[in-house]
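# Geometric and topological summary
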Amino acid sequence: MFQVELVCSDPRCDAEVTLLVDELGEVEAVACECGHGLLTVRVEGFEPVFAVV
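Residues numbered from 1 in each chain as written. Predicted model: local features only at pLDDT ≥ 70, side-chain atom pairs only at ≥ 80, totals over all residues. Heavy atoms only, no water.

### Things to note about the nonpolar core
It is characteristic of soluble globular proteins that their nonpolar side chains tend to be buried jointly. Among the nonpolar cores identified, the biggest contains eight residues, and these are Val4, Leu6, Cys8, Leu19, Val21, Val27, Cys32 and Leu38. Elements with a contribution of two residues or more to this core: strand 1 (2-8) and strand 2 (16-21). For this core, the leading source of residues is strand 1, giving three residues. Once you skip the residues sitting within four places of it in the chain, Leu19 turns out to touch Phe2, Gln3, Val4, Leu6 and Val30. (Core = buried A, V, L, I, M, F, W, Y, C linked by side-chain atoms within 4.5 Å. Buried < 20%, exposed > 50% of the residue type's maximum accessible area, 1.4 Å probe, protein only. Helix = DSSP H or I, 4+ residues; strand = E, 2+ residues; numbered from the N terminus. Contact = heavy atoms within 4.5 Å.)

Next up, the structure:
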């Protein structure tokens, strides 16, 4: 699993998005609400930890 941080490609838009995806190809299908594309600024490997209570 990956944690991906994205920003809008339109300099007038200040949208920032953080996604959790299984495959990096899933990020290509995401667009900003303003209609512009999103640029990846950081990708981190992420492994969820499940606690048993």
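### Things to note about the pairing of strand 1
Here strand 1 pairs with strand 2 via six bridges, running antiparallel. The partner of Val4 across the bridge, within strand 2, is Leu19. The sheet contact formed by strand 1 and strand 3 (residues 38-45) spans seven bridges and is antiparallel. In the sheet register, Cys8 faces strand 3, and the bridge partner there is Leu38. (Pairing = 2+ DSSP bridges.)

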